Amino acid sequence: MLCYECDGLGRCPGCGGRGWVPDETHGRKNCRACHRTRVCLICRGAAELPVSDLSSYQRGYYPELDR
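Since the model is a prediction, treat every value here as computed from it, not as a measurement. (Residues numbered from 1 in each chain as written. Predicted model: local features only at pLDDT ≥ 70, side-chain atom pairs only at ≥ 80, totals over all residues. Heavy atoms only, no water.)

Visitor: Give a detailed account of the side chain of Asp 23, specifying residues and quantitative values.
Guide: Residue position: Asp 23 is located in strand E1 (residues 20–23). In this structure, Asp 23 is buried with no salt-bridge partner, the nearest side chain bearing the opposite charge being Lys 29 at 4.2 Å. A distance of 3.0 Å separates polar atoms of two side chains, one belonging to Asp 23 and the other to Thr 25. (Helix = DSSP H or I, 4+ residues; strand = E, 2+ residues; numbered from the N terminus. Buried < 20%, exposed > 50% of the residue type's maximum accessible area, 1.4 Å probe, protein only. Lys, Arg positive; Asp, Glu negative; His and termini not counted. Salt bridge = Lys/Arg side-chain N within 4 Å of Asp/Glu carboxyl O. Polar contact = N/O pair within 3.5 Å; in protein donor to acceptor, adjacent residues only side chain to side chain.)

Visitor: Summarise unusual backbone geometry; cite the residues concerned and give the values.
Guide: Its identity as a non-glycine residue notwithstanding, Arg 36 has a phi of 70°, on the positive side. A residue is classified by how much of its surface remains accessible, and Arg 36, at 56% relative accessible area, is exposed. The phi dihedral of Arg 44 falls on the positive side, at around 55°, and the residue is not glycine. With respect to the helices and strands, the residue Arg 44 is situated in the loop between strand E2 (27–30) and helix H1 (56–59). Since its relative accessible area comes to 68%, Arg 44 is described here as exposed.

Okay, structure coming up:
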């Protein structure tokens, strides 16, 4: 299954995979979501999640699994 957090891109949705976000006072600052790792924290950059490893909470993001 494609990762629900990054939509299968593998990169951090907070910074778009840059590792930083714009800052009005300093120009840019480190991403608070990934802390400059640049990858999605849910799938760790893999872009996919194995269905067998999903928690019941995570399965809520995939209603098609309960059909």
